[in-house]
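Chain and residue survey
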Amino acid sequence: MRLRLPTEHPAEPPTGYKIAHPVLSQDGARAGFTGVSLGGALPYGVVSDASCLYGRRHRPPARLCDCGFHCVHDRAAAEALLCTAEHRGAVLLEVTVLGAYIRFEHGFRYARQRVRTATVGPCGCGAPAVALADAGWGRPGRLALAAACAGCVRGRTSVTLTAFARLAGEGLRVVAAPAVAPAASATAAAPASASPTVGAAALPDGLGVPELVAEAALLQARLDWFQSQLARLGEHGTGGTAGRD
Ligand SMILES: [Zn+2]
Ligand SMILES: [Zn+2]
């Protein structure tokens, strides 16, 4: 007896989320990603077809195999994976699930994908990323990259986020996650020490527009935090009297 899965015909291809390490080819001409688990041995581009990891002659996602791309339905579930020590250097990918797929409770296993957006977390020092820099490991012919701010790139091999997007091609968007703003408002009692200061004076000369835009974003985040603190103080000052009258 053959079990049959119900067939879906969605009006548009489903969206999913996953994490991966950004990689740069050895000659610096191409950019892509490599998976964090089983699929890590097979780097992939922005639009890519899965192949069976076990070299079997079937098209993923084969029902009795576990090959194919994997993603989860929920962005927060993918973000949660970034908390573990070994995944801190990974980036969050928003993907379009193309071709055949098998739906599970938490996600999909599928044949083909397009990476639409890569969200790069903060640099190890906590400042927003302006570049992806040599992470100190790789795959044969591929250099793994990790988020770096302008101050921490130093002499490492690196590409700006916009350059990575251009090298990867196919309309990929690469964005930097706002680094300190959410953490700062959550720990409002601990003041500015929660966010490391990357002052304009600490920046090296010759920065391009993306670096300056990222720096402006950091200043904006700090201003937002400052304004939220002012707003909180304002609430404390007037809230009581309004209630009494
Ligand atoms: Zn397979
Ligand atoms: Zn840094």
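Residues numbered from 1 in each chain as written. Chains lettered and ligands numbered in written order. Predicted model: local features only at pLDDT ≥ 70, side-chain atom pairs only at ≥ 80, totals over all residues. Heavy atoms only, no water.

1. Quick look at the nonpolar core
Rules: By nonpolar core we mean a set of buried residues, namely Ala, Val, Leu, Ile, Met, Phe, Trp, Tyr and Cys, connected to one another through side-chain atoms within 4.5 Å. To sort residues, take the accessible area from a 1.4 Å probe on protein chains only and compare it with the maximum for the residue type: under 20% means buried, over 50% means exposed, and anything in between is partly exposed. Only runs of H or I of at least four residues qualify as helices and only runs of E of at least two qualify as strands under DSSP, and these elements are numbered from the N terminus.
Counting residues in hydrophobic clusters, the biggest one holds 31 residues, and the most contacted among them are Phe33, Leu93 and Phe164. For this core, the secondary structure elements donating two or more residues are β1 (15–25), β2 (31–35), β4 (69–72), β5 (91–103), β6 (107–120), β8 (142–148) and α3 (161–168).

2. Focus: the coordination of the zinc ion (ligand 1)
Stated formally: Donor atoms (N, O, S) are those found within 2.8 Å of the metal centre, with the cutoff raised to 3.2 Å for Na, K and Ca; water is not part of the atom list, so apparent gaps in a site can occur.
Listed as protein donors to the zinc ion (ligand 1) are Cys52 (SG), His58 (NE2), Cys65 (SG) and Cys67 (SG); their distances from the metal cover 2.1 to 2.4 Å. Counting the intervening residues between successive donors of the zinc ion (ligand 1) yields the motif C-x5-H-x6-C-x1-C. Among the residues examined, histidine 58 registers a relative accessible area of 28% and is labelled partly exposed. Classification of cysteine 67 by relative accessible area gives buried; the value is 0%.

3. Digging into α3
For the α-helix, the turn length of 3.6 residues means that residues three or four positions removed from each other point alike. When we look at burial in α3, the residues that qualify are Leu161, Ala163, Phe164, Ala165 and Ala168. Glycine 169 sits one or two residues past α3 and shows a positive phi near 70°.

4. Remarks on the pattern of salt bridges
We apply this condition: Salt bridges are defined by distance alone: a side-chain nitrogen of Lys or Arg within 4 Å of a carboxyl oxygen of Asp or Glu.
One pass over the structure, following the stated rule, counts four salt bridges. The salt bridge involving glutamate 8 is made with arginine 103; its shortest N-O contact spans 2.6 Å. Of this pair, glutamate 8 sits in the segment before β1 while arginine 103 sits in strand β5, and the two are 95 residues apart along the sequence. In this structure, the salt-bridge partner of arginine 116 is glutamate 94, at a minimum N-O distance of 2.5 Å. Taken together, the positions of arginine 116 in strand β6 and glutamate 94 in strand β5 put the pair 22 residues apart, joining distant regions of the chain.

5. Some remarks on the coordination of the zinc ion (ligand 2)
Ideal donor angles around a metal are set by the shape: a four-donor tetrahedron calls for 109.5 degrees, a six-donor octahedron for 90 or 180 degrees. Condition: The geometry test gives tetrahedral to four donors whose angles all lie between 85 and 135 degrees, gives square planar to four donors and octahedral to six donors whose opposite members are over 155 degrees apart with all other angles between 65 and 115, and gives irregular to the rest.
Looking at the zinc ion (ligand 2), one finds its protein donor set to be Cys123 (SG), Cys125 (SG), Cys149 (SG) and Cys152 (SG), positioned 2.3 Å from the metal centre. For the zinc ion (ligand 2), the four donor atoms in the first shell make angles of 104 to 116° at the metal, a pattern classed as tetrahedral. Donor residues for the zinc ion (ligand 2), ordered by position in the chain, follow C-x1-C-x23-C-x2-C. Here cysteine 125, found in the loop between β6 and β7 (131–139), pairs with cysteine 152, found in helix α2 (residues 150–153); they are 27 residues apart in sequence, far enough to count as distant.

6. Observations regarding the packing of aromatic side chains
Note the cut-off: Two rings belonging to Phe, Tyr or Trp (six-membered ring only in the last case) form a pair when the distance between their centres is within 6.5 Å. Interplanar angles under 30 degrees mark stacking, angles over 60 mark edge-to-face geometry, and anything in between is tilted.
Overall, the coordinates contain five aromatic pairs when judged by the stated rule. A ring pair is formed by phenylalanine 69 and tyrosine 110, whose centres lie 5.8 Å apart and whose planes are at 40°; its orientation type is tilted. In this pair, phenylalanine 69 is assigned in strand β4 and tyrosine 110 in strand β6, connecting sequence segments 41 residues apart. An aromatic cluster of at least three residues, connected via ring pairs, comprises Phe33, Tyr44, Phe69, Tyr110 and Phe164.

7. Topic: the side chain of histidine 21
With respect to the secondary-structure elements, histidine 21 resides in strand β1. What makes histidine 21 buried here is its relative accessible area of 8%.

8. Looking at unusual backbone geometry
Cis geometry marks the peptide bond from proline 60 to proline 61, where omega comes out at 0°. Positive phi outside glycine occurs at arginine 154, with the angle close to 50°. Within the secondary structure, arginine 154 is located in the loop between α2 and β9 (158–160). Looking at arginine 154, the relative accessible area reads 70%, which means it is exposed. In this model, glutamate 170 sits at a positive phi of 60°, which is unusual for a non-glycine residue. Locating glutamate 170 in the fold gives a position in the loop between α3 and β10 (173–176).

9. Observations concerning a nonpolar patch on the surface
To keep it simple, the criterion reads: Each patch groups residues whose relative accessible area exceeds 30% and which form no salt bridge, using 9 Å between like charges and 5 Å between nonpolar side chains of Val, Leu, Ile, Met, Phe, Trp and Tyr. The protein chains shown are the only cover counted for residues, whose accessible areas, like all others here, come from Shrake-Rupley with a 1.4 Å probe.
A grouping of Leu42, Leu53 and Tyr54 is seen on the molecular surface, where their side chains present a nonpolar patch of about 250 Å² in accessible area. When you line up the elements, leucine 53 lands in the loop between β3 (47–49) and β4. On the basis of relative accessible area, leucine 53 is assigned to the partly exposed category, the value being 32%.

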